Structures are given as C-alpha cells and as structure tokens.
Amino acid sequence: MEERIIVAKFENVFYGRSVLACKDFTPNELRYMIDLALHLKELKKQNIPHHYLEGKNIALLFEKTSTRTRSSFVVASHDLGAYPEYMDSTGTQFGKKESVEDTAKVLGSMFDGIEFRGYKQSTVEGLAKFSGVPVWNGLTDEWHPTQMLADFMTMKEKFGHIKGLTLAFVGDGRNNMANSLLVAGTMLGVNVRIVTPSALHTDQKIVDIANSFAKETGANPIVTDNIKEGVKGANVIYTDVWVSMGENDWEERVKLLKPYEVNMDLMKMTGTPDDELIFMHCLPSFHDLNTVYGKEIFDKYGLKNMEVTDEVFRSKYAWQFIEAENRMHSIKAMMAVTLAPLYIPAYAVNGCKE
Ligand code: CP
Ligand code: NVA
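The numbers attached to residues start from 1 for each chain and follow its sequence in the written order. By the order in which they are written, chains take letters starting at A while ligands take numbers starting at 1. Totals for whole chains, interfaces and linings use every residue, but because this is a predicted model, local features are given only for residues with pLDDT of at least 70 and side-chain atom pairs only at 80 or more, for both listing and counting. Only hydrogens and water are removed before side-chain values are computed, so all heavy atoms of the structure are retained for them.

(A) The site of ligand 2, seen in detail. Every residue close to ligand 2 is listed here: L139, H144, N175, N176, D240, V241, S244, M245, C282 and L283. With respect to ligand 2, the side chain of N176 contributes an N or O atom lying 2.8 Å from a nitrogen atom. Nitrogen and oxygen atoms within 3.5 Å of one another constitute a polar contact, given that in protein one can donate a hydrogen and the other can accept it, and given that sequence-neighbouring residues count only through two side-chain atoms. Take S244: an N or O atom from its side chain is 2.8 Å from a nitrogen atom of ligand 2. Areas reported as accessible are Shrake-Rupley estimates using a 1.4 Å probe. Residue values count occlusion only from the protein chains shown. Contact with the protein chains removes 95% of the 270 Å² of surface that ligand 2 exposes when unbound. In the cavity and pocket records, a cavity denotes points on a 1 Å grid over the protein atoms alone where a 1.4 Å probe fits but cannot get out, a pocket denotes an open set with protein on both sides within 12 Å along at least 5 of 7 lines, and lining residues are residues with an atom within 4 Å of a point. More than half of a molecule's atoms lying within 2 Å of a cavity's or pocket's grid points is what places that molecule inside it. With respect to the detected pockets, ligand 2 is housed in the largest pocket. Three categories are distinguished: nonpolar for Ala, Val, Leu, Ile, Met, Phe, Trp, Tyr, Cys and Pro, charged for Asp, Glu, Lys and Arg, and polar for the others, with Gly belonging to the last. Tallied by class, the residues present in the shell around ligand 2 amount to 5 nonpolar, 4 polar and 1 charged. Each residue is tested against the molecule or strand, and it is near if at least one of its non-hydrogen atoms lies within 4 Å.

(B) Representation of the packing of helix α1 (residues 27-45) against helix α5 (residues 145-159) in the model. Orientation is described by axes fitted as lines to C-alpha atoms, over the contacting stretch for helices, and by angles from 0 to 180 degrees between their N-to-C directions. A run of DSSP states H or I qualifies as a helix once it reaches four residues; a run of E qualifies as a strand once it reaches two. Both are numbered from the N-terminal end. The interhelical angle for the contact between α1 and α5, taken along N-to-C directions, is 65°, at an axis separation of 9 Å. By the angle between their directions, the pair α1 and α5 is classed as roughly perpendicular. Considering how the two elements wind past one another, α1 and α5 form a crossing that is right-handed. Across the interface between the two elements, L30, M33, I34, D35, A37, L38 and K41 of α1 pack against L149, F152, M153, K156 and E157 of α5. When the residues that make up the contact of α1 with α5 are grouped by side-chain class, the tally is 8 nonpolar, no polar and 4 charged. Roughly parallel refers to an angle under 35 degrees, roughly antiparallel to one over 145, roughly perpendicular to one between 65 and 115, and oblique to any angle outside these ranges. In this scheme the handedness of a crossing depends on how the near helix is turned from the far one: anticlockwise by less than a right angle means left-handed, clockwise means right-handed. Residues count as neighbours in contact if any of their non-hydrogen atoms are within 4.5 Å of one another.

(C) Layout of the packing of helix α9 (residues 250-257) against helix α11 (residues 292-301). Where α9 meets α11, the axes come as close as 12 Å, and the angle between the chain directions of the two elements is 75°. If you check the angle between α9 and α11, you find them roughly perpendicular. Facing W250, E251 and V254 of α9, the residues of α11 in contact are Y293, I297 and Y301. The residue makeup of the contact of α9 with α11, split by class, is 5 nonpolar, no polar and 1 charged.

(D) Summary view of the sheet that holds strand β3 (residues 113-117). Spatially, β2-β1-β3-β4 is the arrangement adopted by the 4 strands of the open sheet, whose pairing is parallel. Two strands lie at the open edges of the sheet, namely β2 (83-88) and β4 (135-137), each paired on one side alone. Strand-to-strand twist in this sheet, taken as the mean axis angle between neighbours without regard to direction, amounts to 20°. The rule for pairing is simple: two strands pair if DSSP sees at least two bridges between them. Relative to β2, strand β1 (residues 57-62) runs parallel, the two being bridged by 6 bridges. Bridge pairing in β2 links L60 to Y86. Strands β1, β2, β3 and β4 of the sheet are contacted by helix α2 (residues 68-79), whose axis makes an angle of about 175° with β1. Across the face of the sheet, helix α13 (residues 320-339) comes into contact with β1, β3 and β4 while running at roughly 155° to β4.

(E) A look at the site of ligand 1. Near ligand 1 the following residues occur: S66, T67, R68, T69, R117, H144, Q147, C282, L283 and R327. At 2.9 Å, a side-chain N or O of H144 approaches an oxygen atom of ligand 1. One of the side-chain N or O atoms of R327 is found 3.1 Å from an oxygen atom in ligand 1. Protein chains bury 96% of the 260 Å² of accessible surface belonging to ligand 1 in isolation. Counting atoms within 2 Å of the grid points, the majority share of ligand 1 lands in the largest pocket. The residue makeup of the shell around ligand 1, split by class, is 2 nonpolar, 5 polar and 3 charged.

(F) Representation of the sheet that holds strand β7 (residues 222-224) within the structure. Spatial strand order, β7-β6-β5-β8-β9: 5 strands in an open sheet with parallel pairing. For this open sheet the edge positions go to β7 and β9 (278-281), each flanked by a neighbour on one side alone. Across this sheet, the average inter-strand angle for adjacent strands is 20°, counted without regard to direction. With 3 bridges connecting them, strand β5 (residues 166-170) and strand β8 (residues 236-239) associate as parallel partners. From the neighbouring strand, F169 faces β8, where its bridge partner is Y238. Those strands touched by helix α6 (residues 176-187) are β5, β6 (191-195), β7 and β8, and its axis lies near 160° from that of β6.

(G) Broad picture of the layout of surface pockets. Grid points are joined across faces, edges and corners, and a volume is the space filled by probe spheres set on the points. Taken as a whole, the largest pocket encloses approximately 570 Å³ of empty space. Along the wall of the largest pocket there are 26 residues; nearest its centre are T65, V241, S244, M245 and P284. When its residues are assigned to classes, the lining of the largest pocket shows 11 nonpolar, 10 polar and 5 charged.

(H) Summary view of the packing of aromatic side chains. Only centres within 6.5 Å qualify two rings of Phe, Tyr or Trp (six-membered ring in Trp) as a pair; their planes then separate them into stacked at under 30 degrees, edge-to-face at over 60, and tilted for everything else. This model, assessed by the stated rule, comprises 10 aromatic pairs. Through a chain of ring-to-ring contacts, the aromatic side chains of F14, F25 and Y32 assemble into a single cluster. When the NZ atom of lysine or the CZ atom of arginine is within 6 Å of a ring's centre and also within 35 degrees of its normal, the charge is said to sit over that ring. In this arrangement the basic side chain of R70 is found over the ring face of Y86, its NZ or CZ atom lying 3.4 Å from the centre. In this arrangement the basic side chain of K158 is found over the ring face of F159, its NZ or CZ atom lying 5.7 Å from the centre.

The values reported here are purely geometric and, on their own, carry no functional implication.
Okay, here's the thing in structure tokens:
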C-alpha cells in the first residue's frame, strides 16, 4: 500500500531572526509586527490568553538602566508563558571578566532568546553572532528598534494609518532616537524631519540609509536646523532627552538645544489642526523639577524643564504614556514572531495595510 506523508511547509519569515536594527527588515515585515502588536493589545485587554512561548527562557542583559524596556520584556515574557531573567553588568561576569563571545555562547546554551541593552551596536551584533538564538536590541548608542515598533504602532492607533504622516523629531539629531526614527519612519512612508542645530546634524551614514529607503517608499526625509520649516504640517512632534545615557556634555547641549525646546508655541507653529496633531516622547523626560538631573539643571541654568515644557507634556496632545504602554505589546509581538513556530505565510506579511 502506498504511504503518503504530507509535510506542511513551515512558513515564518521571522522565525529564529534577531532584531538588531529596523533596517535589517523589510517595510512589510515591520508593518506585520506593528499590526500583530495591535492585535495582541486587544487580546490582553479582553483577557484572552496568548501563551505562544510556553516553557521558553529569556535572558535580559542590561549595561544601561531602564524602566520601560525592562518592564516590557518581563511582562511580555510572562504573558507569553515564558520565564525572563534580568541580569546587569554588576551582577554578572559580562564586560569585565568575560567577553561578548563567551557570554553569548553560555547564554545561548541555556536561554531561548536574549535581550541586550547597552553601549555599542557591535556588542548586540556579537551576541547575535555567537549565541545561536534570537537577540533583541533593547537600545544601543546607535539604534532603538523596539521603540520604533511601539512608536509607529502608536501612530497607527491614533491615525488609523502610518504612510503619508509627517513626524518632526526636535532635539539631538545624532542620538539613537533620531537615527531610528529617520530610518524606520522612512521605511514606513512617514515624512521624518530631524529638527536639530547644525552642530548636532545626523550622521551622513544614517541619512544615506534613510535616503535609500525613501526611493522605495516615496517618503521625504529631511535634516534641518530651521524649526519653523521643520515642524510645519507635522502630525507628530517628537522629542527626547538632550543628553543620552553614557554622555555627559550637559553644558554644551543646554546651550545648543534650548531654542529647540518643545513648547506650546512650537506645537502651534505646525499649523496642524488639533485632532491631527500629537506629542510623543520615548521617555524618560525632563519636563519638570521632579528629577535629580532636572533639579541640578535648574540650579545651574535656571531651566524649569529641558526638552519639553510641563504644559505640553500634560496637554491634550500628549500620547507619550500610550506610547510607553505600547512598548510592552510591540515587544511581545516581536518576541512571539521570532521565537514561536507560528505559521505566518508570506502573503500575510506582504498584505499589511500601510
Ligand atoms: N524608552 C525607553 O527605552 O525607556 P527605558 O529607558 O525606561 O527603557
Ligand atoms: N536617547 C535616549 C533614549 C532613551 C530611551 C538615551 O539613549 O538615553
């Protein structure tokens, strides 16, 4: 008797992949993860279980501090049925007594996936190269890809679509957020404007990456020091801290970026109708004097806030806390598609709405 074995073709373009920077994915792949994140948010709100990672173990390796990214990975792991273990450079051999390669080999032999937050992009790349398991970049000096999933998810939640929107990032044009928004936004058809003093102009290498995607998506990425032109017609005013983790040049940044403070005048300068305009911030933020650094800057320079006024932060435009919550849903989507043997056919990825 003839025996027929039918083997269903396993299809999931994400399975086993690391997420080190958005540019390593296609625009459709980013869109798929964003849509899945919105779906998982809905499941969570309705208390519908989604244990796609039952029995998996997740390493969370942090060289830099974190509230949102750490919490998101922990809660997302639990919601997916996985076990997360937090490690930092004070409590492990990592960095001082053990190399990236050796750490990667050890963690990869025990854990199913590794999150890394730290300084160099080459470290997260090394972990991916040597661990043999998916590695997720939870922020480096260069990129913040998981923040991008949450940010464009938030924009889709607010506007119902992403392509064709205009986002003005006002602040330090050379940091991980400016880099990531310029490239990921352009990939998704968003007109991203980096509004920054010329001394902090975005690295040409990053601008070139964005320009290469712009040819494909028709987006119009711009870096400008002109606030008026940069924010005109924006749907999203986005800002970030003036001094990123690992940096220390407060004096220079305060001087350069004070004119780039996001205040109500700047919001009005967009000329965008109120219901088509939001404020976003990856957080944490210096919008008042209730932080140690905020207080120090007040004592030294007399500033009551840095990158954004308290008025904008608490205004009707403020979407930063929805954005923060979305970190968890989008990190969950990313972990699920890269680590669970889910059936995700190519047509599902390619059919995502812009
Ligand atoms: N936005 C963000 O990455 O926040 P944390 O530094 O708190 O993780
Ligand atoms: N640019 C900031 C982002 C924090 C989420 C930093 O690197 O500190």
